[in-house]
Amino acid sequence: QVQVVESGGGLVRAGGSLGLSCAASRSIFSYTVMGWYRQAPGKQRELVATVTVSGSTDYADSVKGRCTISGDNVKRTVVLQMNSLKPDDTAVYYCYVRTVGGREYWGQGTQVTVSS
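Quantities reported herein were computed from a predicted structural model and do not represent experimental measurements.

Cut-offs applied
Going along each chain's sequence as written, the residues are numbered from 1 onward. Only residues with pLDDT of 70 or above have their local features reported here, since the model is predicted, and side-chain atom pairs are shown and tallied only from 80 upward, although totals for entire chains, interfaces and linings are computed over all residues. Side-chain descriptors were evaluated using all non-hydrogen atoms of the structure, hydrogens and water having been removed beforehand. The helix count covers DSSP runs of H or I at least four residues long, the strand count covers runs of E at least two residues long, and both are numbered beginning at the N terminus. Three labels apply to residues, based on accessible area from a 1.4 Å probe with only protein chains included: buried if under 20% of the type maximum, exposed if over 50%, partly exposed otherwise in between. Take a side-chain nitrogen of Lys or Arg and a carboxyl oxygen of Asp or Glu: if they are within 4 Å of each other, that pair is a salt bridge. Geometry of aromatic contacts follows a simple scheme: Phe, Tyr and Trp rings, the Trp one being its six-membered ring, pair when their centres are within 6.5 Å, and the pair is stacked under 30 degrees between planes, edge-to-face over 60, tilted otherwise. Two conditions define a charge located above a ring, namely a distance within 6 Å from the ring centre to NZ of Lys or CZ of Arg, and an angle within 35 degrees of the ring normal. The definition of a nonpolar core used throughout is a set of buried Ala, Val, Leu, Ile, Met, Phe, Trp, Tyr and Cys residues joined through side-chain atoms within 4.5 Å. Any two residues whose heavy atoms approach within 4.5 Å are treated as being in contact.

## Quick notes on the environment of Gly101
Turning to step 1, where the next piece is worked out: If you trace the backbone, Gly101 turns up in the loop between strand E9 (91-99) and strand E10 (104-106).
Turning to step 2, where the next piece is worked out: With a relative accessible area of 76%, Gly101 lands in the exposed category.
Turning to step 3, where the next piece is worked out: Spatially, the C-alpha atom of Gly101 lies 23 Å from that of Tyr59, the residues being 42 residues apart in sequence.

## Describing the pattern of salt bridges
Oppositely charged side chains may form a pair once their charged atoms are brought near each other.
Turning to step 1, where the next piece is worked out: The final tally for this structure, using the stated rule, is five salt bridges.
Turning to step 2, where the next piece is worked out: Here Arg38 and Glu46 are joined by a salt bridge, their closest N and O atoms 2.9 Å apart.
Turning to step 3, where the next piece is worked out: With relative accessibility at 5%, the residue Arg38 sits in the buried group.
Turning to step 4, where the next piece is worked out: Taking relative accessible area as the criterion, Glu46 reaches 37% and is therefore assigned partly exposed.
Turning to step 5, where the next piece is worked out: Here Lys64 ties to Asp61 by a salt bridge, and the two come within 3.2 Å at their closest N and O atoms.

## Observations regarding the packing of aromatic side chains
Turning to step 1, where the next piece is worked out: Counted by the stated rule, this structure contains three aromatic pairs.
Turning to step 2, where the next piece is worked out: Measuring from ring centre to ring centre gives 5.2 Å for Tyr37 and Trp106, while their planes differ by 75 degrees; the resulting arrangement is edge-to-face. Taken together, the residues span a long stretch of sequence, with Tyr37 in strand E4 (residues 31-39) and Trp106 in strand E10 at a distance of 69 residues.
Turning to step 3, where the next piece is worked out: Within the aromatic cluster, the residues linked to one another by ring pairs are Tyr37, Tyr96 and Trp106.
Turning to step 4, where the next piece is worked out: Over the aromatic face of Trp106 sits the side chain of Arg45, whose NZ or CZ is 4.6 Å from the ring centroid.

## Overview of the nonpolar core
Turning to step 1, where the next piece is worked out: Counting 30 residues, the largest nonpolar core has Leu20, Met34, Trp36, Leu80, Met82, Tyr93 and Val97 as the members making the most contacts within it.
Turning to step 2, where the next piece is worked out: Counting residues per element, the ones that place at least two in this core are strand E3 (18-24), E4, strand E5 (46-52), strand E7 (67-72), strand E8 (77-82), E9 and strand E11 (110-115).
Turning to step 3, where the next piece is worked out: Beyond its immediate sequence surroundings of up to four residues, Leu20 is in contact with Ser7, Gly8, Gly9, Trp36, Val78, Val79, Leu80, Met82, Tyr93, Thr110 and Val112.

Honestly, it's all geometry; don't read function into it.
As structure tokens, then:
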């Protein structure tokens, strides 16, 4: 059963915006962190942004000022709003979930393509 469900990827022109959503199944217990990583072809996966259940956020330097991440602990979801997108933002974006016990879960990935 899919435990991390992603949505919101797509094609956008440079300077445009899009939002990514992720939902953690209730089969994932006591999560503490949810967020997004991304991986471009031939490159390593890297942090985009995360948010804890307490509301603390962490952003990659490359997206600071352009992205906002928010979480809803009741719905068990996170939303990443990305603005002023650049071609370098093109990648497969993966939702990330970490539990209190240290277990990690990944979504299947959603493609974001930014054209110049």
